[in-house]
Each structure stands twice: as structure tokens, then as C-alpha cells.
Amino acid sequence: MRVIICGAGQVGSTIARHLASERIDVTVIDSDPEQARRADESYDVRGMVGHASHPEVLERAGARDADMLIAVTRSDEVNMVACQVAYSLFGVRRRVARVRHSGYLEPIWRGLYAADQLPIDVIISPEIEVARGISRRLRTPGAFDMVPLAGGRVQLLGIHCTDPACPMAGIRLRDLPERMPDPGFVVVAVLRGGHAFVPDGGDRIQCGDDVYVVTEPAAADRVMAAFGHRERAARRVVVVGGGNVGLHLARMLAREAPLVSLKVVEHGRKRANYIARELGDAAVVLQGDALDPQVLEEANVAAAETIVAVTNDDETNIFASVLAKRAGCRRAITLVNKTSYEEMLPSLGIDAVVSPSAITISTVLRHVRRGPVAAVYTLREDFGEVVEAEALPGSRLVSGPLRAVGMPEGMLVGAVVRQGEVIIPTGDTQIRPGDRVIAVVSYNALRRAEDMIAGEAPPPPSGVALPGADA
């Protein structure tokens, strides 16, 4: 498989690294010579300098033989034109573009991306994806992450184990059924001391761990209680930052949770006026600096259950969250781009961190995976992914009960969906062809996991996937 990536920034270079590790032939294009050089020297990819939408640049990058083009430059227009050129001149079969400006994403313009117009197969909007992720977290209080899988039949929950009295602390995972008959969840990953791993039956949950579990939505409250979390859903929310993410989130909350009392703090006067007109009676919009204690007091953060800080500045988001928590706000969800800040944030009292680049990378990789893999979610860029795959005839995964199929170390099945019914598996569970399998796979085990799942795969579907569409 040959892939061209337009843009060697954080998103493009990370995608290139992931694909190169899977022995995919990758060429990265960037107009910045330093970015292109860094990509060329840092990973097993080819980096080249040029404007990604220029035909001669794409030709030099090997577009005539490419299977996919992924356009993630900083310019929406360059990304769209690169897809157009790749399709019209070189016949590249699959084209993915990052598009940020909301004006391009309105449903009434959906026809713009048809094959005879702007032929883009998958459009990714980081701002919409981030807003959707935050909205999910607000619906699952106590979880620092929540991802729906298998069409919403299964949930991946990220849970802090910070309470010394956490009921799960000290229990060996293989002993869990004895302590909790029919627990209804599987612990699929543990983050401890900055290190992530896929646990086995002999591992124990420790106070201070962050864990990822797979369960059914109906069991989510019971699972959260098993880890000592009994938080109520937020009824009073303060959003700091009225940019694209903040506005998308406010619209989602107004539509999906009309009983939530919502306040939006925006620094710019012109933007604040625009947001106030857009939201109408759905929110109270305050113009001011979120780092000013008087502004936070006016927003009444002391009485709010959750502050969501989503400005374009990491430091503003972090300090606004800290100030709100110190004023009495119960929970902080904070947008942070710099991965170097990640380890220090829990010590500041920040409950959930949202990374736009990680969300974008997960969304792109979902559409790159070959074979039976239908969805992917990156847990950590240095650890692994949650994959959703169809069990195919002839694959080793269907050759016997899970304990006997020889699953590679670093792979753990968290749920099986069979004819619409969710099965939380044990070692005796037998997977059948056609089952949807939810598994966590570390990057070290990814190729072996793909080999295990591989079988007789149908040809991949084609068509346009816009933000908000199931893909």
C-alpha cells in the first residue's frame, strides 16, 4: 500500500510514523523544508518539499501509483484541491481531507464533495470531533474518556482510580468474577506512572491507576460505581473559549441537553456578540478574560459542576481550569495540544484532557486500516489502539475459545457483538465468523493481531463520510 500525506505537522508526522511502522510506503509533502527534512530523517518515510496541491509535486511524490492521499495541511483549501488533483489527474482511489472552517461543513453543501465535484471520500473536522468527544464525557460523569463502539452498543470508558477506598483496588483481575458475579466489563488497558500496558489475569488495579474498560451503555453507572465514582451528570456547565470547538459544543449541548444551564466565556468582544446571536436563549455569553477571577465569579464557576476550557491557547485552558477548580467547580475538562504537559495535568486537579491531534489521528487511521478493521481509537500515541473488527471465516480468532487461540501478548478482547447482542467475553467465549470484536492492541502486537483477524475480507465500501456520519 502506498500513501501520500500532505502536511508534516504534528498530525501528519504522527500518522506517517504509525503507517511506516506497519511497513506501508509513505511519502510526506510539506512546503516547509525543515518540516519535510525532519519527517524524512525521523521515520522510515520519504519527506519532500513542495506545495501539496501542485500537480507536479504530487507526481514527484508518486501519486500515479498511490492508493491513498491524506491531506492535513493547515489550509482547508490546499487540502481540498490536493484531493481534487489527486483524483482528476492521477486517479488516487482514496482521499481524506482535514477541513476546519465550519462554512464548508454545513449539511446543505454536502453535494460539494461528490465524485463529480470535489471528490473527497472522508472529511475530518477536528473541531467537530473534539466537541463531540467532550459532549460524550459530559454524559458520563466520572469518566475522563468515553468512546462509543459497535454503533453505540458498546462503550469504552476511561476511569481514574484516585480514591484510596476504590472497591477495585488490590483485586486480581482473574479473581474479579468471584468478587463481583457478572461484572459486566473487561479492563482492557492500565496507565500507571506514565506507562501503559494491556493487563493479564494476574495484574491488580492500584490506587492512582487510570484504567480503560469496555462495557455496555446500560451498565455504565454500575461500572463507574465499582470504581468508586458516583458523580451526577452536570447541570451547570461553563465553557471557556468561543472558537469553533466552543461554539460547536454549545450547539450540541443546546440540542442534546436542553436542561443544562450553559455559560460561555469569550475574550473577544466581536466574537462574543456573534456567539450570543447564534446561541440565543440557549446560553449566557460573557465577554472577558477567563483568567480574571472577577470574570470567573460572574460566570459563577463555584456553583458549576464542570468547566470546559477550549480556547486556542493551552496555558489559558490549563490555568482557567485550575482557577475554576480552586473556586469550587467540581470537574475540569481541558483542551491541550502540547503532549509534554500531559503527565503534570492530573497533579493540577484537571480531570479530563482532550487532545485535538490525538482525536484527528484516530479518525484518520480509522479510514486507513485495511482488511476487516472497521474503527480505531488511539489510547496513547506511544501505546496502542482500540480496534473494532469483523471476525472472518478462516481467521485464527474463530478457531477455538479465546483462551486457546494463541492471542499475542498485548492484545485483549473486551467485547463481542453477535447479531446485535453484546457479549462480555471470558476465556471460554468462542468467537464466530461475522461477530464484531472490540479489542485493545498495543503497537508491538498490531501486526500479529491483524494476522490473527485476517481472513476472507469483502471489498471496502466507498462513498463520502462527512462529520457526524457513521464511518
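Note that this is a predicted model, so its numbers are computed, not measured. (Residues numbered from 1 in each chain as written. Predicted model: local features only at pLDDT ≥ 70, side-chain atom pairs only at ≥ 80, totals over all residues. Heavy atoms only, no water.)

**A look at the overall build of the protein**
- Looking only at helices and strands, the protein features 13 helices and 22 strands.
- Its C-alpha atoms give the protein principal-axis dimensions of about 60 × 60 × 40 Å.
- The buried share of the protein, reckoned over its 471 residues, is 54%.
- Taking the intrachain contacts of the protein between residues at least 6 apart in sequence as the baseline, contacts between residues at least 24 apart amount to 66%.
- A total accessible area of about 21,000 Å² is found for the protein, and carbon and sulfur atoms account for 48% of it. (Helix = DSSP H or I, 4+ residues; strand = E, 2+ residues; numbered from the N terminus. Buried < 20%, exposed > 50% of the residue type's maximum accessible area, 1.4 Å probe, protein only. Contact = heavy atoms within 4.5 Å. Areas by Shrake-Rupley, 256 points an atom, 1.4 Å probe, with all protein chains shown as cover.)

**A closer look at the environment of Asp-314**
- By the secondary structure assignment, Asp-314 is in helix α11 (residues 314–327).
- A sequence separation of 23 residues divides Asp-314 from Asn-337, and the C-alpha atoms of the two residues are 6.5 Å apart.
- Once residues lying within four places of it in the same chain are set aside, the contact partners of Asp-314 are Leu-335, Val-336, Asn-337, Lys-338 and Tyr-341.
- Polar side-chain contacts of Asp-314 include one of 2.9 Å to the backbone nitrogen of Lys-338. (Polar contact = N/O pair within 3.5 Å; in protein donor to acceptor, adjacent residues only side chain to side chain.)

**Topic: the sheet that holds strand β8 (residues 154–160)**
- With respect to topology, five strands assemble into an open sheet ordered β7-β8-β11-β9-β10, the strand pairing being antiparallel. Of all the strands in the sheet, the pair left with one neighbour each is β7 (143–149) and β10 (195–197). Ignoring which end each strand starts from, the neighbouring axes of this sheet average 20° apart.
- Of the pairings in the sheet, the one linking β7 to β8 comprises six bridges and is antiparallel in character. The residue of β8 that forms the bridge with Val-147 is Leu-156. (Pairing = 2+ DSSP bridges. Axes fitted to C-alpha atoms, helices over the stretch in contact; angles between N-to-C directions.)

**Re the pairing of strand β3 (residues 46–49)**
- Of the strand pairs in this sheet, strand β2 (residues 25–30) and β3 are connected by four bridges, and their pairing is parallel. Within β3, the residue paired with Ile-29 across the bridge is Met-48.
- Traced from β2 through helix α2 (residues 33–42) to β3, the parallel crossover comes out right-handed. (Right-handed = clockwise from strand over helix to strand, strands pointing away.)

**Some points on unusual backbone geometry**
- Phi at Asn-300 is positive, roughly 60°, even though this residue is not glycine.
- Position of Asn-300 among the secondary structure elements: in the loop between α10 (293–298) and β15 (306–309).
- Since its relative accessible area comes to 38%, Asn-300 is described here as partly exposed.
- Notably, Gln-419 is not glycine yet its phi reads approximately 50°, a positive angle.
- Mapped onto the elements of the fold, Gln-419 is located in the loop between β20 (411–418) and β21 (421–423).

**Points about the UniProt feature "domain: RCK N-terminal" (unreviewed entry) in the protein**
- What UniProt calls "domain: RCK N-terminal" (unreviewed entry) maps, in this numbering, to residues 1–119 and 234–354.
- Helix makes up 36% of residues 1–119 and strand 20%, with an end-to-end C-alpha separation of 21 Å. (UniProt positions renumbered as here; feature names shortened; annotations may be inferred.)

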